[in-house]
Every structure is written in structure tokens, then in C-alpha cells.
Amino acid sequence: IKDKYQKLFEKNPGLLYNITLIISPLELLERGVPIFRTEQKPREYIITFPKAYHAGFSHGYNVSEAVNIATPEWIPFAENAVQVYSKEGFLRKTTFPFEWIIVENAIYRDDMDLTNEAKEHIVDQLIKIKNIEMKSRWNVLNNSHKITLKELDCKKNEI
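Attention here is on the structure that accompanies the text.

Analysis parameters
- Residues numbered from 1 in each chain as written.
- Predicted model: local features only at pLDDT ≥ 70, side-chain atom pairs only at ≥ 80, totals over all residues.
- Heavy atoms only, no water.
- Helix = DSSP H or I, 4+ residues; strand = E, 2+ residues; numbered from the N terminus.
- Buried < 20%, exposed > 50% of the residue type's maximum accessible area, 1.4 Å probe, protein only.
- Contact = heavy atoms within 4.5 Å.
- Areas by Shrake-Rupley, 256 points an atom, 1.4 Å probe, with all protein chains shown as cover.
- Salt bridge = Lys/Arg side-chain N within 4 Å of Asp/Glu carboxyl O.

What follows deals with the overall build of the chain. What the chain contains, in helices and strands, is six helices and zero strands. Along the chain, helices (α) and strands (β) appear in the sequence α-α-α-α-α-α when read from the amino end. For the chain, the residues scored as buried account for 14% of the 159 residues in total. Relative to all contacts within the chain whose residues are 6 or more apart in sequence, the contacts with residues 24 or more apart total 46%. Element-wise, carbon and sulfur atoms account for 57% of the exposed surface of the chain, whose accessible area totals about 14,300 Å².

With that settled, consider the pattern of salt bridges. Counted according to the given criterion, the structure contains four salt bridges. The partner of Glu-79 in a salt bridge is Lys-128, with the nearest N and O atoms 2.8 Å apart. Residue Glu-79 is found in helix H3 (residues 75–87), and its partner Lys-128 is found in helix H5 (residues 116–143); the two are separated by 49 residues along the sequence. Ionic pairing is found between Lys-119 and Asp-110, a salt bridge with its closest N-O pair at 3.8 Å. For Asp-110, a relative accessible area of 59% translates into the label exposed.

Turning to the side chain of Gln-125, a few remarks are in order. Looking at the element boundaries, Gln-125 is found in helix H5. In this structure, Gln-125 is in contact with Ile-75, Glu-79, Phe-98 and Ile-102, ignoring residues within four places of it in sequence.

Let us now look at the environment of Pro-25. Its place among the elements puts Pro-25 in helix H2 (residues 25–30). With relative accessibility at 45%, the residue Pro-25 sits in the partly exposed group. A sequence separation of twelve residues divides Pro-25 from Arg-37, and the C-alpha atoms of the two residues are 9.6 Å apart.

Structure (C-alpha cells):
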């Protein structure tokens, strides 16, 4: 897809994340991407799985609502998305900060109906987040002397 729309992507690298590009299902089929069509009726839910491209179309007036939910099995997908988004220069922001979700779930894990495996996974993620944060802070503390205020182009009271 990026090949076909190269000029658009050069102009706007975050094009896929801006929800302004609709790709024809025929184009996706030509590239071997499976296509599924559904029509949502009142009181029905449609669940979109991680890494899935989805698009919708409204026929006339409507009221719609989107709800973000996740099961513990979703955590590896979220972690991967955060890594991909950061590598792409923050072209896409997450709806909720991944770290916040993990911390909240770690705090309330005993109040939720989770398997022990899910609770352990949440705690493992929290430890990972803590280690990354500690490493980042250590790097700032140990390297801040190499940066002068003049280089930062700011005044002391602005730091």
C-alpha cells in the first residue's frame, strides 16, 4: 500500500494513523489480505483484534460509540504496539498509556477475576516497566553534566 501511495506517505508519514485513508477492499484482496464484511445491527458488538485494519461506513444518520477493552492476553500486543509506535517517531499515540494500564491492573489484580498466570504476566510487565524507567533515569543522571544550559538554549529556572 505504501508503494502505491508513496507521495502521500512522503508528505504525511503518519497517514495510516490519522484515520484519513480508506483502502479499497479490492486492493487488499489483490495483495492476499483476507477480507471480511459484516453489518452491525442494534445491540450487537463487533470486536476488532490487534493488528487488524478496519474501516466503517455509516448509512445515513447514526449514533455510534467505540469502547476499548482488553483481556490479559492483549498485553503482548499492546507492548508491541508501544514499541512500534515509538520506533516510527511517535506518529501514533496509544489511546491509554500502556504503563498506566499495567500499573492499574497490578494494583487491583487481587480484586479482579484473573487467572494466576494473568496476574503473574501483569507483575512481570510491571517489573519490565520499572527496569526501563530506572535505566532511563540513571542515564539522565549520569549524562546530564555533559549538557550545558547554553546547549539547551534555556534558563536555569526553566528546567
